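For reference, the chains in residue letters:
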Amino acid sequence: MAIFFLGAFALAVSSPRGGEGGGRRAAAGALGLLFAAALALSNTRGAIAGAAAGAAAIALLLPRLKRFAPAILCAAVAFVCAADLVHPNRSLILQLLGKNERPHAGDQTVRLKLWEVAVRVGLDHLPTGVGVNNYRAVLPRYLDRTFEDSQRSWGTAHNLYLHHFAERGLLGLAALGWLLWAMARRAWARAARAPGFWSLWSWGATACFLVMNMTEVALQTELVWMLMWVVWFAGEADAARRPS
């Protein structure tokens, strides 16, 4: 939903005003509102933050919208907070304030514990980590608790960067950083040179992916990373068709 929201946003801001372009802008705006509503109701905080970061990243490349980028980020923070409070049983804000005493409220700070374990595991196995898919195996040694469905362990650190640090060490984290940096730099260059629909969508989706992975390990979710790569390569293909 976050990536499709950014597609609608990119279409709206790249379409000319008036005539056929005006119709595209209106349709894209309606789709954007639909996807934003879906994000809010899903309460996926990382995806909401990623969508906001992607929209701000797109705005920064367009002179007429650049001055609105800080306002977009402020509105996004308010949107994330509102989406969190709409679901009291999953509210991180209420739990941190000590006001989430509902009987079915889950532990919303569990990600923080998973991140802490990932850092400790990575530091204990600094060069190459504990090995691919071994975070689940070593987690009970570092954290004595049960998770959903009475499980003793969990498969990911819910943070792509810390997860790679734990399982692949500094070498793996450096490789991941190089890949994501190369993708972001290329997407930025395409969009800055020719800010059209595909290049803006690709750049916004890349920024979204980088932020969203602070609370997820999206490279383990095919639906997410394959869609992200399709949008990124669509931007590359569009750039290749343009005269240099």
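Residues numbered from 1 in each chain as written. Predicted model: local features only at pLDDT ≥ 70, side-chain atom pairs only at ≥ 80, totals over all residues. Heavy atoms only, no water.

1. Some points on the overall build of the chain
Okay, step 1: A count of helical and extended segments in the chain gives 11 helices and zero strands.
Okay, step 2: From first element to last, N terminus to C terminus, the chain shows the α and β order α-α-α-α-α-α-α-α-α-α-α.
Okay, step 3: Over its C-alpha trace the chain gives a radius of gyration of 20 Å, about what one expects of a compact globule, namely 18 Å for 244 residues.
Okay, step 4: Residue burial in the chain is summarised as follows: out of 244 residues, 44% are buried.
Okay, step 5: Total accessible area on the chain stands at roughly 12800 Å², and carbon and sulfur atoms take up 67% of it.
Okay, step 6: Side chains of the chain carry 24 positive and 14 negative charges; the gap between the two charge centres is 11 Å. (Helix = DSSP H or I, 4+ residues; strand = E, 2+ residues; numbered from the N terminus. Rg over C-alpha atoms; globule rule 2.2 N^0.38 Å. Buried < 20%, exposed > 50% of the residue type's maximum accessible area, 1.4 Å probe, protein only. Areas by Shrake-Rupley, 256 points an atom, 1.4 Å probe, with all protein chains shown as cover. Lys, Arg positive; Asp, Glu negative; His and termini not counted. Charge placed at Lys NZ, Arg CZ, Asp CG, Glu CD.)

2. Here's the deal with the nonpolar core
Okay, step 1: Core analysis: the largest hydrophobic core is formed by 42 residues, its most contacted members being I58, L200 and M228.
Okay, step 2: Of the residues forming this core, the biggest block, eight residues, is contributed by helix α10 (residues 197–212).
Okay, step 3: Setting aside residues up to four positions removed in sequence, L200 forms contacts with A10, V13, S14, I58, L61, L62, A191 and P195. (Core = buried A, V, L, I, M, F, W, Y, C linked by side-chain atoms within 4.5 Å. Contact = heavy atoms within 4.5 Å.)

3. Comments concerning the pattern of salt bridges
Okay, step 1: For the coordinates displayed, the defined rule picks out five salt bridges.
Okay, step 2: Its salt-bridge partner being E216, residue R111 comes within 3.0 Å of it at the nearest N-O pair. Taken together, the residues R111 in helix α7 (residues 110–124) and E216 in the loop between α10 and α11 (222–241) connect sequence positions 105 residues apart.
Okay, step 3: For R111, a relative accessible area of 22% corresponds to the partly exposed category.
Okay, step 4: Given a relative accessible area of 28%, E216 falls into the partly exposed group.
Okay, step 5: A salt bridge links R168 to E167, with the nearest nitrogen and oxygen atoms 3.3 Å apart.
Okay, step 6: Judged by relative accessible area, E167 falls into the buried class, the value being 2%.
Okay, step 7: One salt-bridge network, held together by shared partners, links R186, R190 and E236. (Salt bridge = Lys/Arg side-chain N within 4 Å of Asp/Glu carboxyl O.)

4. Remarks on unusual backbone geometry
Okay, step 1: For N133, which is not glycine, the phi torsion reads 70° and is therefore positive.
Okay, step 2: One can find N133 in the loop between α7 and α8 (135–142).
Okay, step 3: Phi at H158 is positive, roughly 55°, even though this residue is not glycine.
Okay, step 4: Along the chain, the position of H158 falls in the loop between α8 and α9 (160–193).
Okay, step 5: Judged by its relative accessible area of 15%, H158 falls in the buried class.

5. Regarding α8
Okay, step 1: Along α8, the residues classified as buried are Y135, V138, L139 and Y142. All buried residues of α8 fall inside an arc of 125° around its axis, so they share one side.
Okay, step 2: Residues of α8 that are buried in the fold lie against α7 and α9. (Arc of directions from axis to C-beta.)

That is the geometry; function is a separate question.
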